[in-house]
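Structure assessment
Spelled out from the first residue to the last, the chains are:
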Amino acid sequence: EAQVTQNPRYLITVTGKKLTVTCSQNMNHEYMSWYRQDPGLGLRQIYYSMNVEVTDKGDVPEGYKVSRKEKRNFPLILESPSPNQTSLYFCASSSILGIQYFGAGTRLSVL
Amino acid sequence: GQQLNQSPQSMFIQEGEDVSMNCTSSSIFNTWLWYKQDPGEGPVLLIALYKAGELTSNGRLTAQFGITRKDSFLNISASIPSDVGIYFCAGRGMDSNYQLIWGAGTKLIIKP
């Protein structure tokens, strides 16, 4: 089954404790992206990747890092999380037709 | 970053009513997509549009790619309780391979 898998689904952490949210897709897509969703603000792009070793900033990249060492994986790294990074995070990958497929989401709370 | 103008922000409707929402852009697009997000889940594609003027249906859902390439609408006929959720529009610019520009979403609530 074609899917985007992100883990964990829920995460509660404390300020400053490094964390990684993993994302994996099995559709051989070149493009992958991370979004955060906050009430009333829709989906805001954090980082995206056009291919292996090619990453670029989206609209809200501050406080986040990504890497793309393999085509299928695109982890999101928060080196020193802060409470304003409490949000719902989505990973997506895109077909050549421009259709983005989303993971089920990771709800992060930073205390 | 640029965001599409999606309206309305929210809708409170009775079961059985028809629903209409739309998105507009200041620039022209070659693709319009409509997604639905159920509570606690990721957005799922409903309809994809690739040609100006294209009208596409998916069950009770109908979407159109505006003739100017700067707008799109989504209609839902005879709404049912499982239609509740957030609906997003997204557009792909003429010079974009994969990047999408998103609307802020329309939250659909059905009154009991």
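Our subject is the structure that appears above.
To keep things clear, this report deals only with the structure shown in the data block. (Residues numbered from 1 in each chain as written. Chains lettered and ligands numbered in written order. Predicted model: local features only at pLDDT ≥ 70, side-chain atom pairs only at ≥ 80, totals over all residues. Heavy atoms only, no water.)

Okay, the packing of aromatic side chains next. One pass over the structure, following the stated rule, counts 11 aromatic pairs over all chains. A ring pair is formed by Phe88(B) and Trp102(B), whose centres lie 6.3 Å apart and whose planes are at 85°; its orientation type is edge-to-face. A residue pair is termed long-range when its members are at least 10 positions apart, and Phe88(B) in strand β9 (residues 85-93) and Trp102(B) in strand β10 (residues 101-102) qualify at 14 residues. We note that Phe88(B), like Trp102(B), is buried. Ring-pair connections join several aromatic residues into one group, and the members of that group are Tyr35(A), Phe90(A), Phe102(A), Tyr35(B), Phe88(B) and Trp102(B). Positioned above the aromatic ring of Phe74(A) is the side chain of Arg68(A), whose terminal nitrogen or guanidinium carbon lies 6.0 Å from the ring centre. (Phe/Tyr/Trp six-rings, centres within 6.5 Å; stacked < 30°, edge-to-face > 60°. Helix = DSSP H or I, 4+ residues; strand = E, 2+ residues; numbered from the N terminus. Buried < 20%, exposed > 50% of the residue type's maximum accessible area, 1.4 Å probe, protein only. Lys NZ or Arg CZ within 6 Å of the ring centre and 35° of its normal.)

If you look at the biggest cluster of nonpolar residues, it comprises 22 residues, and the most contacted ones within it are Trp34(B) and Leu74(B). Of all the secondary structure elements, the ones that give two or more residues to this core are β2 (10-14), β3 (19-24), β4 (29-37), β5 (44-49), β7 (61-65), β8 (71-76), β9 and β11 (106-111) of chain B. With 19 residues, the next largest nonpolar core counts Cys23(A), Met27(A), Tyr64(A) and Phe74(A) among its residues. (Core = buried A, V, L, I, M, F, W, Y, C linked by side-chain atoms within 4.5 Å.)

All names here are of chain B. Read across the open sheet, the five strands follow the order β1-β3-β8-β7-β6; overall the sheet is antiparallel. Where the open sheet ends on each side, the last strands, each with one partner, are β1 (5-7) and β6 (55-58). Here the average twist between neighbouring strands, direction ignored, is 15°. Across six bridges, the pairing between β3 and β8 is antiparallel. When the sheet's bridge partners are listed, Thr24 is paired in β8 with Asp71. (Pairing = 2+ DSSP bridges. Axes fitted to C-alpha atoms, helices over the stretch in contact; angles between N-to-C directions.)

Let us now look at the layout of surface pockets. Space inside the largest pocket adds up to approximately 480 Å³. Looking at the lining of the largest pocket, the elements that each hand over two or more residues are β4 (31-38) and β9 (87-94) of chain A together with β9 and β11 of chain B. Sorting elements by how many residues they give to the lining of the largest pocket places β9(B) first, with three residues. Together, 15 residues line the second largest pocket, and Tyr101(A), Phe102(A), Gly103(A), Pro43(B) and Val44(B) are the ones closest to its centre. Secondary structure elements with two or more residues in the lining of the second largest pocket: β10 (100-102) of chain A together with β5 of chain B. Ranked by the residues each element gives to the lining of the second largest pocket, the list is headed by β10(A), at three residues. (1 Å grid on protein atoms, 1.4 Å probe; cavity = no way out; pocket = protein on both sides within 12 Å on 5 of 7 lines; lining within 4 Å. Points joined across faces, edges and corners; volume = space filled by probe spheres on them.)

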